[in-house]
Amino acid sequence: MPDLINGSGDACSPSRRRLLFNLGWTGLGLWVAASLVGLIRFVWPQVSDRPSNAVAVGYPEDYLPGQVVYNQGYKLFIIRDEKGFVSLSARCTHLGCNVVWNQDHHVFLCPCHGGKYDRQGRNLEGPPPRPLDQFAVRVDRRGYLVVDKDRIIKRGPGPLQHFHSERV
Ligand code: FES
């Protein structure tokens, strides 16, 4: 039977000491490796594989002041007024139907449940709970007007955020 009190038993045997020593170094090595992986992931640029959802919608000159233009392919509206450019989502904020622009009454109408929005996209009537979403707009280096559908501006009842064609 090992004598644990006097230190002559298995508790202090060289093989046990060696095992504890190796376990300690292994644990330290794992901790350092995990820290390095965390550090590299923090420092490395996070690049998404997902393609950008920024879409070119022509040149600024293609849009006349006062016009509301529907882009069917991207399901958005481009509005140009004296303050600059605005892009509104065509997706109704109630249940997502596509709204249409009514040029005679200057309102956006939703055919599904009768939602109505003013020219600024603010909800006027019907079930829509909030204004139409807005997308960020910019002019790229080639001079194209670009709508960034990833940069959605969820609006309150306030005014639209305009983007100017000089701003890139
Ligand atoms: S989806 Fe537009 S009012 Fe319901």
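Structure shown above.
Residues numbered from 1 in each chain as written. Predicted model: local features only at pLDDT ≥ 70, side-chain atom pairs only at ≥ 80, totals over all residues. Heavy atoms only, no water.

1. Description of the overall build of the chain
No. 1: Per the secondary structure count, the chain includes one helix and 10 strands.
No. 2: Listed N to C, the secondary structure of the chain is α-β-β-β-β-β-β-β-β-β-β in terms of helices and strands.
No. 3: Counting the 168 residues in the chain, one finds 31% classified as buried.
No. 4: Taking contacts inside the chain between residues at least 6 apart in sequence as the whole, the part at least 24 apart equals 45%.
No. 5: Accessible surface, the chain as shown: approximately 11400 Å² in total, 58% of it carbon and sulfur. (Helix = DSSP H or I, 4+ residues; strand = E, 2+ residues; numbered from the N terminus. Buried < 20%, exposed > 50% of the residue type's maximum accessible area, 1.4 Å probe, protein only. Contact = heavy atoms within 4.5 Å. Areas by Shrake-Rupley, 256 points an atom, 1.4 Å probe, with all protein chains shown as cover.)

2. Overview of the pairing of strand β3 (residues 76–81)
No. 1: Of all six residues making up β3, five are buried, and the element is well covered by its neighbours.
No. 2: In this structure, strand β2 (residues 68–71) lies alongside β3, joined through four bridges in antiparallel fashion. Bridge pairing in β3 places Val69 opposite Ile78.
No. 3: The loop that links β2 with its antiparallel partner β3 comprises four residues; one of these, Lys75, has a positive phi angle of about 55°.
No. 4: Pairing of β3 with strand β4 (residues 84–89), which is carried by six bridges, proceeds in the antiparallel orientation. In the strand pairing of β4, Phe77 is matched with Leu88. (Pairing = 2+ DSSP bridges.)

3. Overview of a nonpolar patch on the surface
No. 1: On the surface, a cluster of nonpolar side chains totalling about 1300 Å² of accessible area is made up of Phe21, Trp25, Leu28, Trp31, Val32, Leu36, Leu39, Ile40, Phe42, Val43 and Trp44.
No. 2: In this structure, Val43 sits in helix α1 (residues 14–43). (Patch = residues over 30% accessible without salt bridge, like charges linked within 9 Å, V, L, I, M, F, W, Y side chains within 5 Å. Salt bridge = Lys/Arg side-chain N within 4 Å of Asp/Glu carboxyl O.)

4. Some words on the sheet that holds β4
No. 1: Taken in spatial order, the six strands line up as β1-β10-β9-β4-β3-β2 in an open sheet, and their pairing is antiparallel. Pairing within the sheet leaves two strands with one partner each, and these edge strands are β1 (54–56) and β2. Neighbouring strand axes in the sheet, compared pairwise and without regard to direction, differ in orientation by 30° on average.
No. 2: Bridge count between β4 and strand β9 (residues 134–139): two bridges; the pairing is antiparallel. Following the sheet pairing, Ser87 is matched in β9 by Phe135. (Axes fitted to C-alpha atoms, helices over the stretch in contact; angles between N-to-C directions.)

5. Topic: the packing of aromatic side chains
No. 1: Overall, the coordinates contain six aromatic pairs when judged by the stated rule.
No. 2: Both rings, one in Phe21 and one in Trp25, keep their centres 6.2 Å apart while their planes meet at 70°; by these two values the pair is edge-to-face. One end of the pair, Phe21, and the other, Trp25, are both in helix α1, four residues apart, so they sit about a helical turn from each other.
No. 3: According to the relative accessible area criterion, Phe21 is partly exposed, its value standing at 45%.
No. 4: Here Tyr63 and Phe85 contribute two aromatic rings whose centre-to-centre distance is 6.4 Å and whose plane-to-plane angle is 85°, an arrangement assigned as edge-to-face. Pair noted here: Tyr63 is in the loop between β1 and β2 and Phe85 is in strand β4, with a separation of 22 residues, a long-range link. (Phe/Tyr/Trp six-rings, centres within 6.5 Å; stacked < 30°, edge-to-face > 60°.)

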